[in-house]
Each structure stands twice: as structure tokens, then as C-alpha cells.
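Chain by chain, the residues:
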Amino acid sequence: MERIEIDTARGKERVPPGQYLVGDRWPILTYGPTPMVDLAIWDFTMGGLVENSLRFSWDEWNELSTVEVVADMHCVTSWSKLDNVWTGVSVRHLLEMARPNPEAEFFSVHCDGGYTTNAPVAELREEDAVFATHHNGAPLEAGHGGPMRLVIPRLYAWKSAKWLRGMEFIAEDKSGFWERNGYHAYGDPWQEQRYSFRL
Ligand SMILES: Nc1nc2c(c(=O)[nH]1)N[C@H]1C(S)=C(S)[C@@H](COP(=O)(O)O)O[C@H]1N2
Ligand SMILES: [Mo]
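Not measured: the values here are computed from a predicted model. (Residues numbered from 1 in each chain as written. Chains lettered and ligands numbered in written order. Predicted model: local features only at pLDDT ≥ 70, side-chain atom pairs only at ≥ 80, totals over all residues. Heavy atoms only, no water.)

S.K.: Would you explain the overall build of the protein in this entry?
M.R.: When helices and strands are tallied, the protein shows three helices and twelve strands. Computed over its C-alpha atoms, the radius of gyration of the protein comes to 16 Å, within 12% of the 16 Å expected for a compact globule of 199 residues. Every one of the 199 residues in the protein was classed for burial, and the buried ones make up 54%. Counting only contacts in the protein whose residues sit at least 6 apart along the sequence, the fraction spanning at least 24 positions is 71%. Summing over all exposed atoms, the protein offers an accessible surface of approximately 9600 Å²; the carbon and sulfur share of this is 49%. Positive and negative side-chain charges in the protein, numbering 19 and 29 respectively, have mean positions lying 5 Å apart. (Helix = DSSP H or I, 4+ residues; strand = E, 2+ residues; numbered from the N terminus. Rg over C-alpha atoms; globule rule 2.2 N^0.38 Å. Buried < 20%, exposed > 50% of the residue type's maximum accessible area, 1.4 Å probe, protein only. Contact = heavy atoms within 4.5 Å. Areas by Shrake-Rupley, 256 points an atom, 1.4 Å probe, with all protein chains shown as cover. Lys, Arg positive; Asp, Glu negative; His and termini not counted. Charge placed at Lys NZ, Arg CZ, Asp CG, Glu CD.)

This is how it looks when you write it as C-alpha cells:
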């Protein structure tokens, strides 16, 4: 398995401004309850502005090759957890299969439980973006997004959607749940892009 160690901070100060470290603790941050996920009917789809729409059952998903990404996690509510080992499918790898059209500049994801979020497709092309099934070697617990979640380490963690079920490629940015409720459209922790309004 390929192991990718990411300098999430890209040479900047390791911990972004205004963040504190949680050490070995790992808070669960979910809006609403943890959804029930039935693997017998679970699927993951990639569609919208792509050459090849993709759909995987849970068995098919587990046939895909995996990578290990070591990366930090920064929640907009100010906690950071360093050196997480995420195991899963490289997002880049699936982009090569789905082949988004040139006009697909943004994506929107949806989850079991109804959560949504969005970001530029360019973020998915970074080597540290992963569809994770494991954290520090163990299958993701339900509270942390098991069976599968998106991880985009370079953005605030609300973009790292848990219980992921689908990804849509779109031409115009489309706000997800927190983006409609006052969070920043992009969410770069080093620029403290926390909220879309000024406090
Ligand atoms: N489906 C879903 N994904 C989600 C959330 C959520 O409420 N629902 N919360 C987000 C937020 S705000 C954060 S900080 C991280 C937290 O991940 P964790 O609970 O595994 O620490 O998940 C993100 N992904
Ligand atoms: Mo968060």
C-alpha cells in the first residue's frame, strides 16, 4: 500500500491560527444523530458533469486499491488533531475513472442523514484527499463516519463529510449544509476562513 505523508501545512506554521490541540482525544462533531448505515444497500456514486458515472456497492468498493494518508485535522470550532493515519481510496484515483468535464469546477457531496458540503474540484486532485474507511489502522467507528467518509485535510473538517454516499460534479458552486448556515464557502484554516459573515 502506498503511504503518503502530507505536510498539511505546506511549510506554513503547523497548527493554524486560533486552533488548540486535542492530543489523543478525538471529538465527534455531528449535526444531528449518527445515521444507521445498511451495508447491504449501501452504494457510492459519482456523477454530474463526468465522462463516466460510477456506482460501487460495498463489495465493489472494497475491491479498490487503497492508500494511507497521514494528515492533520482542523475543526472550525478550534480543535485540531495531528498525525491521523487515514486508509482508503485515493480521490485522485477515482477522478481518473470518472473523468470530470473541464467545466466541472466544483463538487457537492451528500451523505446518509442528509448532510451536504461543497468545494472546488481542485481540492480533490491533491494527493491527500481520500475516501477513508480506516483511522489509525481501525475501521472508522460509526460516530466518525463509518463505513466511509471523505477526508480533505487542507480544509476545515466540516468539508470532510462522514457517511458519504455520493459526489456530484457541477459548474457553479452550490452551498452545502454549513455553507448555507454561515460557514465559509472555501474554509482554509491558515487564512481562518471560518465564517462567511464578520463577527
Ligand atoms: N455527514 C456529516 N459529516 C460531517 C459532519 C456532520 O455533521 N455530518 N460534521 C463535520 C464536522 S463540523 C467536523 S469537525 C468533522 C468531525 O469529524 P469527527 O466527528 O470524526 O471528528 O466531520 C464533518 N463531517
Ligand atoms: Mo467542525
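The rest of the description comes next.
S.K.: Where do I start with the sheet that holds strand E4 (residues 54-57) in this structure?
M.R.: Within a sheet, adjacent strands bond to each other through the backbone by hydrogen bonds, running parallel or antiparallel. One open sheet accounts for five strands, arranged E4-E3-E12-E7-E8; its pairing is mixed. In this open sheet, the two strands that pair with only one neighbour each are E4 and strand E8 (116-120). Ignoring strand direction, the axes of neighbouring strands in this sheet form an average angle of 15°. Bridge count between strand E3 (residues 43-48) and strand E12 (residues 164-170): four bridges; the pairing is parallel. Bridge pairing links Met46 to Met167 in E12. Of the strands in this sheet, E3, E4 and E12 are in contact with helix H2 (residues 91-98), which crosses E4 at around 125°. (Pairing = 2+ DSSP bridges. Axes fitted to C-alpha atoms, helices over the stretch in contact; angles between N-to-C directions.)

S.K.: So what exactly am I meant to see when it comes to the nonpolar core here?
M.R.: Generally speaking, nonpolar side chains in soluble globular proteins are found buried as a group. One finds Phe44, Met46, Trp61, Phe107, Phe131, Met167 and Phe169 to be the most contacted residues of the largest nonpolar core, which totals 53 residues. When sequence neighbours within four positions are dropped, the list of residues in contact with Phe107 reads Thr117, Asn118, Ala119, Pro120, Val121, Leu124, Leu150, Ile152, Met167, Glu168, Phe169 and Ile170. (Core = buried A, V, L, I, M, F, W, Y, C linked by side-chain atoms within 4.5 Å.)

S.K.: Would you mind showing me how to read H2 here?
M.R.: In an α-helix, one turn spans 3.6 residues, which is why side chains three or four residues apart end up on the same side. Of the positions making up H2, those classed as buried are Val91, Leu94, Leu95 and Ala98. For H2, the buried positions fall inside an angular range of 110° around the axis, keeping them on one side. At the N-terminal boundary of H2, the capping side chain belongs to Ser90, with an oxygen 3.3 Å from the backbone nitrogen of Arg92. Residue Arg99 follows H2 closely and has a positive phi angle near 50°. (Arc of directions from axis to C-beta. Polar contact = N/O pair within 3.5 Å; in protein donor to acceptor, adjacent residues only side chain to side chain.)

S.K.: Sorry if this is basic, but what is going on with the pattern of salt bridges here?
M.R.: Two side chains of opposite charge can pair, provided their charged atoms sit close to one another. The final tally for this structure, using the stated rule, is twelve salt bridges. Among the salt bridges present, the one from Lys159 reaches Glu179, with a minimum N-O distance of 2.8 Å. Taken together, the residues span a long stretch of sequence, with Lys159 in the loop between strand E11 (149-151) and E12 and Glu179 in helix H3 (residues 177-180) at a distance of 20 residues. Residue classification places Lys159 among the buried residues on the basis of a relative accessible area of 1%. Owing to a relative accessible area of 7%, Glu179 belongs among the buried residues under this scheme. With its nearest N and O atoms 2.9 Å apart, the salt bridge here joins Glu192 to Arg194. Residue classification places Glu192 among the partly exposed residues on the basis of a relative accessible area of 37%. Exposure remark for Arg194: the relative accessible area of 9% places this residue in the buried category. By sharing partners, the salt bridges in this structure join Asp43, Arg55, Asp112 and Arg165 into a single network. (Salt bridge = Lys/Arg side-chain N within 4 Å of Asp/Glu carboxyl O.)

S.K.: Mind showing me how you'd approach the side chain of Lys81 here?
M.R.: Within the secondary structure, Lys81 sits in strand E6 (residues 79-90). Although Lys81 lies buried, it forms no salt bridge, and the closest oppositely charged side chain, Asp24, sits 5.2 Å away as judged by the N-O distance. Residues within four places of Lys81 in sequence aside, it is in contact with Val22, Gly23, Asp24, Arg25, Trp26, Ala71, Asp72, Met73 and His135.

Read these as spatial facts, not as claims about activity.
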